[in-house]
Amino acid sequence: AIVGTVSGTSISFGTANTYNSVTTEDAVCTFDSTNNKVVVVYRNNINPKDIDSRVGTVSGTSISFGDATSIQNVGTSYVTDISVAFDPDNSAIVTVYMDASNGIGSGTYAIGAVSGDAISFETPVVFHAPSTEDTNLVYDTNADKFVISYKDAANSNYGTSVVLTVTGAVPNFTIGSTYYVQ
């Protein structure tokens, strides 16, 4: 990752920083405006082939990263078609992807929350079971909803969309802390 600074019609770059030192594929990122952090989501292409995420902090023209968090461990299978977006209304990071670990290529999403230099995710949820490809995600700030689009390979490769609403605020937990619910 590298920070670019725009001045007029030109751009200058700081020093690159590595967020994953092994084969990395399908890297995407979003900006968490609540916490002023960058979130990078990528496929860590070694066994196990996790879909991982790291929180980046920009300082001047440099970027540093917290520890990697696994969104889903898919074993020897793979994930692909990763997309990520930020929900400023609930301070939630949502990631969608095609998960081939179940043998049918399910469209899957995971909701996460940033705390400091870390991110934690809820259990991933399948939104479309068979043969989901080319997933993409956008957040509509007017409707307070995500739109997930994908190619439905089980339905003549039709382009299909579903709406995802994050209900309630995603708790901003701190890793290593204990919380009590009444």
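Above this note sits the structure.
Conventions and cut-offs
- Residues numbered from 1 in each chain as written.
- Predicted model: local features only at pLDDT ≥ 70, side-chain atom pairs only at ≥ 80, totals over all residues.
- Heavy atoms only, no water.
- Helix = DSSP H or I, 4+ residues; strand = E, 2+ residues; numbered from the N terminus.
- Contact = heavy atoms within 4.5 Å.
- Areas by Shrake-Rupley, 256 points an atom, 1.4 Å probe, with all protein chains shown as cover.
- Phe/Tyr/Trp six-rings, centres within 6.5 Å; stacked < 30°, edge-to-face > 60°.
- Core = buried A, V, L, I, M, F, W, Y, C linked by side-chain atoms within 4.5 Å.
- Buried < 20%, exposed > 50% of the residue type's maximum accessible area, 1.4 Å probe, protein only.
- Pairing = 2+ DSSP bridges.
- Axes fitted to C-alpha atoms, helices over the stretch in contact; angles between N-to-C directions.
- Salt bridge = Lys/Arg side-chain N within 4 Å of Asp/Glu carboxyl O.

**Overview of the overall build of the chain**
Move 1: Broken down by element type, the chain carries zero helices and 15 strands.
Move 2: In the chain, once contacts between residues fewer than 6 apart in sequence are set aside, the share between residues at least 24 apart is 42%.
Move 3: With an accessible surface of roughly 9,400 Å², the chain has 49% of that area assigned to carbon and sulfur atoms.

**A word on the packing of aromatic side chains**
Move 1: Counted by the stated rule, this structure contains four aromatic pairs.
Move 2: Taken together, the ring pairs connect Tyr19, Tyr42 and Phe65 into an aromatic cluster.

**Comments concerning the nonpolar core**
Move 1: Counting residues in each nonpolar core, the largest one holds 15 residues, and the members touching the most others are Val41, Ile51, Ile71, Ile93 and Ile119.
Move 2: Mapped by element, the contributors of at least two residues to this core are β4 (37-44), β5 (51-59), β8 (79-87), β9 (92-99), β10 (106-115) and β11 (118-121).
Move 3: No other element matches β8, which puts four residues into this core.
Move 4: The residues touching Ile93, leaving out its near neighbours within four places in the chain, are Thr30, Asp32, Val39, Val84, Ala85, Phe86, Ala110, Ile111, Gly112, Val114, Ile119 and Phe121.
Move 5: Core analysis: the next-biggest nonpolar cluster, separate from the first, contains 14 residues, Ala85, Val96, Leu137 and Val166 among them.

**Observations concerning the sheet that holds strand β15 (residues 158-164)**
Move 1: Ordered by their spatial adjacency, three strands build an open sheet running β13-β14-β15, and the pairing between neighbours is antiparallel. With partners counted over all chains shown, the strands left at the sheet margins are β13 (132-140) and β15, one partner each. Across the sheet, the mean angle from the axis of one strand to that of its neighbour is 20°, orientation sign disregarded.
Move 2: Note that β13 and strand β14 (residues 145-152) share seven bridges and pair antiparallel.

**Some details on the environment of Tyr78**
Move 1: Tracing the backbone through its elements, the reader meets Tyr78 in the loop between β7 (69-72) and β8.
Move 2: Its relative accessible area of 38% is what places Tyr78 among the partly exposed residues.
Move 3: Tyr78 sits 24 residues away from Asn102 along the chain, and the two C-alpha atoms are 9.8 Å apart.
Move 4: Contact partners of Tyr78, with chain neighbours within four places excluded, come to Arg43, Lys49, Met98, Asp99, Ala100 and Ser101.

**Description of the pairing of β5**
Along any regular strand the residues' side chains alternate between the sheet's two faces.
Move 1: As paired elements, β4 and β5 share six bridges and run antiparallel to each other. Pairing of Arg43 across the sheet is with Ile51, part of β5.
Move 2: The pairing of β5 with β7 spans three bridges and is classified as antiparallel. Note that in β7 the partner of Ser53 across the bridge is Thr69.
Move 3: In textbook terms, the turn of a hairpin is the stretch between consecutive antiparallel strands, and for β5 and strand β6 (residues 62-65) this stretch comprises two residues, one of which, Gly60, has a positive phi near 65°.

**Examining the pattern of salt bridges**
Move 1: With the rule as written, the count across this model stands at five salt bridges.
Move 2: Glu133 is the partner of Lys151 in a salt bridge, and the nearest nitrogen-oxygen pair spans 3.0 Å. Residue Lys151 is located in strand β14, and its partner Glu133 is located in strand β13; the two are separated by 18 residues in the primary sequence.
Move 3: The exposure class of Glu133 is partly exposed, given its relative accessible area of 29%.
Move 4: Here Lys151 and Asp134 are joined by a salt bridge, their closest N and O atoms 3.9 Å apart. One end of the pair, Lys151, is in strand β14; the other, Asp134, is in strand β13, with 17 residues separating them in the sequence.

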